[in-house]
Amino acid sequence: MPHLVIEYSANLTGFDAAATLAACNEFLADTGHFSEADIKSRAVRHDQFRVGTAREGRGFVHVTLWLLSGRPENVKQALSRGVLEALEQTFTKPEGLDVQLSVQMQDMERSTYSKAFL
(Lines give C-alpha, C1' and ligand atoms only; values in the text may rest on other atoms or scores of the structure.)
Protein backbone atom coordinates (compact mmCIF):
# COMPACT_ATOMS: atom_id res chain seq x y z
CA MET A 1 0.00 0.00 0.00
CA PRO A 2 -0.46 2.63 -1.44
CA HIS A 3 -1.42 2.29 -5.08
CA LEU A 4 -0.97 5.39 -7.23
CA VAL A 5 -2.55 5.58 -10.69
CA ILE A 6 -1.82 8.43 -13.08
CA GLU A 7 -4.22 8.85 -15.99
CA TYR A 8 -3.45 11.37 -18.71
CA SER A 9 -4.75 12.50 -22.08
CA ALA A 10 -2.85 11.36 -25.16
CA ASN A 11 -2.48 14.91 -26.47
CA LEU A 12 0.12 15.56 -23.74
CA THR A 13 2.83 14.16 -25.97
CA GLY A 14 5.67 15.58 -23.87
CA PHE A 15 4.31 14.22 -20.57
CA ASP A 16 7.08 12.30 -18.83
CA ALA A 17 5.13 9.61 -17.00
CA ALA A 18 8.28 7.88 -15.72
CA ALA A 19 9.61 11.08 -14.13
CA THR A 20 6.22 11.84 -12.60
CA LEU A 21 5.91 8.34 -11.15
CA ALA A 22 9.40 8.66 -9.68
CA ALA A 23 8.62 12.06 -8.13
CA CYS A 24 5.34 10.83 -6.63
CA ASN A 25 6.95 7.67 -5.24
CA GLU A 26 9.79 9.71 -3.77
CA PHE A 27 7.33 12.06 -2.08
CA LEU A 28 5.27 9.19 -0.68
CA ALA A 29 8.34 7.39 0.64
CA ASP A 30 9.62 10.58 2.28
CA THR A 31 6.37 11.10 4.23
CA GLY A 32 7.15 8.17 6.51
CA HIS A 33 3.59 6.86 6.17
CA PHE A 34 4.57 3.96 3.93
CA SER A 35 7.29 1.40 3.50
CA GLU A 36 9.17 2.35 0.32
CA ALA A 37 8.76 -1.15 -1.16
CA ASP A 38 4.98 -1.04 -0.65
CA ILE A 39 4.44 1.94 -2.97
CA LYS A 40 3.07 0.76 -6.31
CA SER A 41 2.46 3.23 -9.10
CA ARG A 42 1.58 3.16 -12.78
CA ALA A 43 0.51 5.49 -15.57
CA VAL A 44 -2.26 5.00 -18.11
CA ARG A 45 -2.52 7.08 -21.28
CA HIS A 46 -6.04 7.64 -22.62
CA ASP A 47 -6.27 7.82 -26.40
CA GLN A 48 -10.03 8.42 -26.27
CA PHE A 49 -10.92 11.35 -24.02
CA ARG A 50 -12.81 14.61 -23.91
CA VAL A 51 -12.48 17.56 -21.54
CA GLY A 52 -15.76 19.48 -21.47
CA THR A 53 -17.42 19.88 -24.85
CA ALA A 54 -14.43 21.11 -26.84
CA ARG A 55 -13.05 18.71 -29.44
CA GLU A 56 -9.47 19.82 -28.91
CA GLY A 57 -7.21 22.24 -27.07
CA ARG A 58 -7.65 20.65 -23.65
CA GLY A 59 -5.91 17.92 -21.72
CA PHE A 60 -5.70 16.42 -18.24
CA VAL A 61 -3.57 14.54 -15.77
CA HIS A 62 -5.51 12.88 -12.96
CA VAL A 63 -3.92 10.98 -10.09
CA THR A 64 -5.80 8.56 -7.87
CA LEU A 65 -4.05 7.54 -4.68
CA TRP A 66 -5.53 4.42 -3.13
CA LEU A 67 -4.91 4.00 0.61
CA LEU A 68 -6.02 1.51 3.21
CA SER A 69 -8.96 2.98 5.10
CA GLY A 70 -8.64 4.61 8.49
CA ARG A 71 -6.16 7.42 7.85
CA PRO A 72 -7.05 10.80 9.36
CA GLU A 73 -8.46 13.47 7.04
CA ASN A 74 -5.52 15.83 7.64
CA VAL A 75 -3.05 13.11 6.56
CA LYS A 76 -5.03 12.46 3.38
CA GLN A 77 -5.17 16.20 2.64
CA ALA A 78 -1.40 16.51 3.08
CA LEU A 79 -0.80 13.50 0.84
CA SER A 80 -3.12 14.94 -1.83
CA ARG A 81 -1.34 18.31 -1.78
CA GLY A 82 2.09 16.65 -1.88
CA VAL A 83 1.22 14.45 -4.84
CA LEU A 84 -0.17 17.49 -6.68
CA GLU A 85 3.05 19.40 -5.96
CA ALA A 86 5.15 16.48 -7.28
CA LEU A 87 2.99 16.45 -10.42
CA GLU A 88 3.34 20.21 -10.89
CA GLN A 89 7.13 20.02 -10.50
CA THR A 90 7.51 17.45 -13.28
CA PHE A 91 4.83 18.78 -15.64
CA THR A 92 5.52 21.17 -18.50
CA LYS A 93 2.39 22.70 -19.99
CA PRO A 94 2.25 22.28 -23.76
CA GLU A 95 1.81 25.41 -25.83
CA GLY A 96 -1.77 25.93 -26.96
CA LEU A 97 -3.43 23.48 -24.53
CA ASP A 98 -5.46 24.14 -21.41
CA VAL A 99 -4.55 21.39 -18.95
CA GLN A 100 -6.18 20.36 -15.70
CA LEU A 101 -4.14 18.60 -13.01
CA SER A 102 -6.04 16.81 -10.24
CA VAL A 103 -5.55 14.38 -7.37
CA GLN A 104 -8.17 12.16 -5.76
CA MET A 105 -7.75 10.14 -2.57
CA GLN A 106 -9.55 6.80 -2.48
CA ASP A 107 -9.96 4.50 0.52
CA MET A 108 -9.65 0.73 0.23
CA GLU A 109 -11.32 -1.27 2.97
CA ARG A 110 -8.72 -2.87 5.23
CA SER A 111 -10.99 -5.82 5.98
CA THR A 112 -11.22 -6.82 2.32
CA TYR A 113 -7.72 -5.95 1.04
CA SER A 114 -5.52 -9.00 0.44
CA LYS A 115 -1.83 -9.10 -0.40
CA ALA A 116 0.80 -11.80 -0.88
CA PHE A 117 4.58 -11.45 -0.88
CA LEU A 118 6.35 -13.77 -3.32
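Residues numbered from 1 in each chain as written. Predicted model: local features only at pLDDT ≥ 70, side-chain atom pairs only at ≥ 80, totals over all residues. Heavy atoms only, no water.

Draft legend 1. Region of the structure containing the nonpolar core. By size, the foremost hydrophobic cluster in this structure holds 23 residues, and its most contacted members are Leu4, Ile6, Phe15, Leu28, Val61 and Val83. For this core, the elements supplying multiple residues, two or more each, are β1 (3-9), α1 (17-30), β3 (58-68) and α2 (73-90). Tallying contributions element by element places α2 first for this core, with 5 residues. In this structure Ile6 touches Phe15, Thr20, Leu21, Arg42, Ala43, Val44, Val61, His62 and Val63, once residues within four positions along its chain are discounted. (Core = buried A, V, L, I, M, F, W, Y, C linked by side-chain atoms within 4.5 Å. Buried < 20%, exposed > 50% of the residue type's maximum accessible area, 1.4 Å probe, protein only. Helix = DSSP H or I, 4+ residues; strand = E, 2+ residues; numbered from the N terminus. Contact = heavy atoms within 4.5 Å.)

Draft legend 2. Region of the structure containing the packing of aromatic side chains. Tallied over the entire structure, the rule returns 3 aromatic pairs. Centre to centre, the rings of Phe49 and Phe60 are 6.1 Å apart; their planes meet at 70°, and the pair counts as edge-to-face. One end of the pair, Phe49, is in the loop between β2 (40-46) and β3; the other, Phe60, is in strand β3, and 11 residues separate them in sequence. Following the ring pairs from residue to residue traces out a cluster consisting of Tyr8, Phe15 and Phe91. (Phe/Tyr/Trp six-rings, centres within 6.5 Å; stacked < 30°, edge-to-face > 60°.)

Draft legend 3. Expanded view of the pattern of salt bridges. Counted under the stated rule, the structure contains 3 salt bridges. Between Asp38 and Lys115 there is a salt bridge, with its nearest N and O atoms 3.0 Å apart. Here Lys115 lies in the segment after β4 (98-108) and Asp38 lies in the loop between α1 and β2, a separation of 77 residues in the sequence. Arg45 is the salt-bridge partner of Asp47, the closest N and O atoms lying 2.6 Å from each other. (Salt bridge = Lys/Arg side-chain N within 4 Å of Asp/Glu carboxyl O.)

Draft legend 4. The arrangement of α2 in detail. Taking 1.5 Å per residue, 18 residues should reach 26 Å; α2 reaches 26 Å between its end C-alpha atoms and fits that length. Inspection of α2 places Val75, Lys76, Leu79, Ser80, Gly82, Val83, Ala86 and Leu87 among the buried residues, and these make up the whole buried set. Taken around the axis of α2, the buried residues stretch over an arc of 170°, which confines them to a single face. Opposite its buried face, α2 presents the exposed residues Glu73, Asn74 and Gln89, each directed more than 90 degrees away. (Expected span 1.5 Å × (residues − 1). Arc of directions from axis to C-beta.)

Draft legend 5. A look at the pairing of β4. The sheet contact formed by β3 and β4 spans 11 bridges and is parallel. Note on β4: the bridge partner recorded for Leu65 is Met105. (Pairing = 2+ DSSP bridges.)

Without other data, these values stay purely geometric and don't point to any function.
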